Amino acid sequence: MARSDDVSSLKPFLERLLSRSKLSPVECEAILGLPAHERIFEPHRDIGRLGDNRSHSSLVLKGLVGRFMQNSRGDRQLTALHLAGEMADLDGVVRPDIMYGLEALATTTIAQVPHQALRAMAQKHPAIAEAFWRESASDVINLSRWALHLGRGSARTRVANLLCEMAVRMGSVDAPRLEFSLPLTQDQLSDATGLTAVHVNRTLKSLREEGIVTYRLREVRISDWEALAVEGEFDLSEFNR
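Calculation criteria
Residues numbered from 1 in each chain as written. Predicted model: local features only at pLDDT ≥ 70, side-chain atom pairs only at ≥ 80, totals over all residues. Heavy atoms only, no water. Helix = DSSP H or I, 4+ residues; strand = E, 2+ residues; numbered from the N terminus. Buried < 20%, exposed > 50% of the residue type's maximum accessible area, 1.4 Å probe, protein only. Contact = heavy atoms within 4.5 Å. Pairing = 2+ DSSP bridges. Polar contact = N/O pair within 3.5 Å; in protein donor to acceptor, adjacent residues only side chain to side chain. Salt bridge = Lys/Arg side-chain N within 4 Å of Asp/Glu carboxyl O. Core = buried A, V, L, I, M, F, W, Y, C linked by side-chain atoms within 4.5 Å. Axes fitted to C-alpha atoms, helices over the stretch in contact; angles between N-to-C directions. Parallel < 35°, antiparallel > 145°, perpendicular 65-115°, else oblique. Nonpolar A, V, L, I, M, F, W, Y, C, P; charged D, E, K, R; others polar. Phe/Tyr/Trp six-rings, centres within 6.5 Å; stacked < 30°, edge-to-face > 60°.

Draft legend 1. Layout of the overall build of the protein. If you tally the helices and strands in the protein, you get nine helices and 11 strands. Across its three principal axes, the protein shows a C-alpha extent of roughly 55 × 40 × 30 Å. By residue count, 46% of the 241 residues in the protein fall in the buried class. Considering only contacts within the protein whose residues lie at least 6 apart along the sequence, 72% involve residues at least 24 apart.

Structure follows, in structure tokens:
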């Protein structure tokens, strides 16, 4: 692994923290100065395995990462998707033996940031520690919403909610992106929604036939945002918290 000397690779992570927290110029420079080692993972490769004792956290620079749990039969359930600029396992700073795995869902570039450096920075700068805490709290809220829809949502609700979430995260709460790439295979969509591939296909077909959304060749095109949000029980005001 070669050390990345391009501090700009950490800018998306800093911008994400600044969207929720106030940091001084000195604190911003501290984040940009973190050591990072870049690695590229091909699709379907594990970035972090279940129960690994990790010495670093993984910042997504490019691509798409899935967080997953796995049962004794090897069946995986995706519990979160991480986009560029997101630290997929920030909680590993205080709990290195993370009990979930990370998988590259597309060709993905990761910046591995040592836990030791993150801990030292948080101890020196309490505002950064609070920003990390706020980021982790947001992650817990999103995980709770994900669990709600998996446990109580219909197939249409699960699929529509996932597409709504991606549209907002790739755009904004004020302007969701209505056309975007989502490089998930049918099996990965199944792992994300807790449905069979056949059920996912039927659900996407019905949403397409109703003129709500089209998902073809891993490209999403939302024709009726309001209808998709209703189908997905997606509340923008809640997502903005």
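Draft legend 2. View of the pairing of strand S7 (residues 101-104). Burial along S7 is two-sided: the residues Gly101 and Glu103 and Leu102 and Ala104 are all buried. Of the pairings in the sheet, the one linking strand S5 (residues 65-70) to S7 comprises four bridges and is antiparallel in character. Pairing of Phe68 across the sheet is with Gly101, part of S7.

Draft legend 3. Layout of the side chain of Asp89. Positionally, Asp89 belongs in the loop between strand S6 (76-82) and S7. Polar contacts involving the side chain of Asp89 include one to the side chain of Arg54, which spans 3.2 Å. One polar contact links the side chain of Asp89 to the main-chain amide nitrogen of Ser58, over a distance of 2.7 Å. Setting aside its immediate chain neighbours within four residues, Asp89 contacts Arg54, His56, Ser57, Ser58, Ile98, Tyr100 and Leu102.

Draft legend 4. Seen up close, the pattern of salt bridges. Using the criterion set out here, one finds 15 salt bridges in the structure. Put simply, Glu231 and Arg156 hold a salt bridge, and the shortest N to O gap is 2.7 Å. Here the residue Glu231 occupies a position in helix H8 (residues 225-231), and Arg156 occupies one in helix H5 (residues 155-170), the gap between them amounting to 75 residues. Look at Glu231 and you get partly exposed, because its relative accessible area is 25%. Residues joined by salt bridges that share partners form a network here, namely Arg16, Arg20, Glu86, Glu135, Glu165 and Arg169.

Draft legend 5. Up close: the pairing of S6. Counting buried positions over the seven residues of S6 gives five, a clear majority of the element. Taken together, the six bridges between S5 and S6 define a ladder with antiparallel strand orientation. Counterpart to Gln70 in the pairing with S6 is Arg76. Here S5 folds back onto S6, and the loop between the two strands holds five residues, one of which, Gly74, carries a positive phi near 90 degrees.

Draft legend 6. Examining the nonpolar core more closely. Ranked by size, the top nonpolar core spans 36 residues in total, and within it Leu81 and Leu182 carry the most contacts. Those elements that provide at least two residues to this core are S6, H5, helix H6 (186-193), helix H7 (197-209), strand S10 (213-216), strand S11 (219-222) and H8. The contacts of Leu182, once residues within four sequence positions are left out, are Leu64, Leu163, Met166, Met170, Tyr215, Arg218 and Val220.

Draft legend 7. Examining the packing of helix H3 (residues 115-124) against helix H4 (residues 126-152) more closely. Axis separation between H3 and H4 bottoms out at 5 Å; the angle between their running directions is 120 degrees. One finds that H3 runs oblique with respect to H4. Of H4, the residues touching H3 (which contributes Leu118, Met121, Ala122 and Lys124) are Pro126, Ile128, Ala129 and Phe132. Its residues placed into classes, the contact of H3 with H4 shows seven nonpolar, no polar and one charged.

Draft legend 8. The arrangement of the packing of aromatic side chains in detail. Evaluated as defined, the whole model comprises two aromatic pairs. Summarising the aromatic geometry, the rings of Phe13 and Phe132 are spaced 6.2 Å apart at their centres and angled 35 degrees between planes, so their arrangement reads as tilted. Of this pair, Phe13 sits in helix H1 (residues 11-18) while Phe132 sits in helix H4; the two residues are 119 residues apart in sequence, bridging distant segments of the chain. The class for Phe13 is buried, based on a relative accessible area of 0%. Using a relative accessible area of 8% as the deciding quantity, one classes Phe132 as buried.

Draft legend 9. Examining the packing of H1 against H4 more closely. Viewed as axis vectors pointing N to C, H1 and H4 meet at an angle of 80 degrees, and their least axial separation amounts to 10 Å. In this view, H1 runs roughly perpendicular relative to H4, as classed from their interaxial angle. Across the interface between the two elements, Phe13, Arg16 and Leu17 of H1 pack against Ala131, Phe132 and Glu135 of H4. Residue composition of the contact of H1 with H4, grouped by class: four nonpolar, no polar and two charged.

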